[in-house]
Amino acid sequence: MANTFNLEIICPDRMFYKGEAEMLEIVSEDGMLGIYAGHMPFTAVLMPGVARIHANGEIKEAAIHSGFMEILQDKITVLAEIAEWPEEIDLDRAKQAKERAEKRIKGQMEKEFNLKRAEFALRKSIARIKLVK
């Protein structure tokens, strides 16, 4: 039996995931992280991306749209702005959001806009599309 840790993914509106896991792959602002039981404690800022929860010989994938993560010796807590399972995502809506964000970034829609917001929206839509495909 592989070493496990307690994993909680908490959103403002629900407990998204709670259980034992062997590994968590998640996107931080420093890049993709792979965390196993017994990892050194630290915290990380999360970016939009696909998280992979390795538990009981299976891999569950979810879109995480930013937040924070605390890693302790035997527990990982993720506080996510939004977390979604593949079946909760509307692929057409995600594609439309991606197109809008790309147009904003290219300057085709508005002269004045918030570039960081557009880039964040693009990352969120890409994470949703990757997860569903």
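Residues numbered from 1 in each chain as written. Predicted model: local features only at pLDDT ≥ 70, side-chain atom pairs only at ≥ 80, totals over all residues. Heavy atoms only, no water.

## Quick look at the environment of L79
Under the convention used in this document: Helix numbers and strand numbers start at the N terminus; a helix is a DSSP run of H or I with at least 4 residues, a strand a run of E with at least 2. Any pair of residues with heavy atoms lying within 4.5 Å of one another is described as a contacting pair.
Within the secondary structure, L79 sits in strand 7 (residues 75–80). Once the C-alpha coordinates of L79 and M69 are considered, the two residues, 10 residues apart in sequence, prove to be 6.2 Å apart. If near-sequence neighbours (up to four positions away) are discounted, L79 is found in contact with I10, S66, G67 and F68.

## Some thoughts on the packing of aromatic side chains
Put simply, the test is: Aromatic pairing here means that ring centres of Phe, Tyr or Trp (its six-membered ring) are within 6.5 Å. Orientation follows from the plane angle: under 30 degrees is stacked, over 60 is edge-to-face, and everything else is tilted. Whether a residue is buried, partly exposed or exposed follows from its accessible area with a 1.4 Å probe, protein chains only, as a fraction of its type maximum: under 20%, in between, or over 50%, in that order.
Scanning the model with the defined rule gives 1 aromatic pair in all. Ring centres 4.3 Å apart and planes at 20° place the aromatic pair F16 and W85 in the stacked group. Here the residue F16 occupies a position in strand 2 (residues 14–21), and W85 occupies one in the loop between strand 8 (83–84) and helix 1 (91–106), the gap between them amounting to 69 residues. Residue classification places F16 among the buried positions, given a relative accessible area of 7%. W85 sits in the buried class, given a relative accessible area of 17%.

## Here's the deal with the nonpolar core
Among soluble globular proteins, nonpolar side chains are generally buried collectively. In plain terms, the rule: What is meant by a nonpolar core is a set of buried Ala, Val, Leu, Ile, Met, Phe, Trp, Tyr and Cys residues, joined one to another through side-chain atoms within 4.5 Å.
In terms of nonpolar packing, the biggest core is built from 24 residues, with L7, I9, M69 and V78 touching the most fellow members. Broken down by secondary-structure element, the contributors of at least two residues to this core are strand 1 (5–11), strand 2, strand 3 (23–28), strand 5 (42–55), strand 6 (58–71) and strand 7. The element that contributes the greatest number of residues to this core is strand 5, accounting for 5 residues. Beyond its immediate sequence surroundings of up to four residues, M69 is in contact with L24, I26, L33, I35, F42, T43, A44, L46, I76, T77 and V78.

## Re helix 2 (residues 115–132)
How we decide: A helix's residues, less one, multiplied by 1.5 Å, set its expected span.
The end-to-end C-alpha separation of helix 2 is 26 Å, in line with the 26 Å expected for 18 residues at 1.5 Å each. At its buried positions, helix 2 is contacted by strand 5, strand 6, strand 8 and helix 1.

## Examining the side chain of R128
Our working rule: Polar contact is defined as a pair of N or O atoms within 3.5 Å, subject to the rule that within protein one atom must be able to donate a hydrogen and the other to accept it, and that residues adjacent in sequence are counted only when both atoms are side-chain atoms.
For R128, the position within the fold is in helix 2. For R128, the side chain forms a polar contact with the side chain of E84, separated by 2.7 Å. Excluding residues that lie within four positions of it along the chain, R128 makes contacts with H65, I82, E84, I89 and A94.

## Let's talk about the packing of helix 1 against helix 2
As a reminder of what qualifies: Axes here refer to lines fitted to C-alpha atoms; in helices the fit is confined to the stretch in contact. Angles between the N-to-C directions go from 0 to 180 degrees. To sort the angles, those under 35 degrees are grouped as roughly parallel, those over 145 as roughly antiparallel, those from 65 to 115 as roughly perpendicular, and the leftovers as oblique. Handedness of a crossing follows from how the near helix is turned relative to the far one, being left-handed for an anticlockwise turn of less than a right angle and right-handed for a clockwise one. Residues are sorted three ways: Asp, Glu, Lys and Arg are charged, Ala, Val, Leu, Ile, Met, Phe, Trp, Tyr, Cys and Pro are nonpolar, and all the rest, Gly among them, are polar.
Between helix 1 and helix 2, whose axes approach to 8 Å, the crossing angle comes to 150°. With respect to each other, helix 1 and helix 2 are oriented roughly antiparallel. The handedness of the crossing between helix 1 and helix 2 is left-handed. On helix 2, the residues that touch L91, A94, K95, A97, K98, A101, E102, R104 and I105 of helix 1 are L115, A118, E119, A121, L122, S125, I126, R128, I129 and V132. Per-class residue counts for the contact of helix 1 with helix 2 are 12 nonpolar, 1 polar and 6 charged.

## Focus: the pattern of salt bridges
Opposite charge on two side chains makes pairing possible when the charged atoms of those side chains draw close. How we decide: By salt bridge we mean one thing: a side-chain nitrogen of Lys or Arg within 4 Å of a carboxyl oxygen of Asp or Glu.
Under the counting rule described, the total for this entry stands at 6 salt bridges. Across the pair R52 and E61 runs a salt bridge, and its minimum N-O distance is 2.8 Å. Between E84 and R128 there is a salt bridge, with its nearest N and O atoms 2.7 Å apart. Remark: R128 occurs in helix 2 and E84 occurs in strand 8; sequence separation between them is 44 residues. Taken individually, E84 and R128 each receive the classification buried, so the pair is uniform in this respect. Taken together, the shared-partner salt bridges in this structure form one network comprising E8, K18 and K75.

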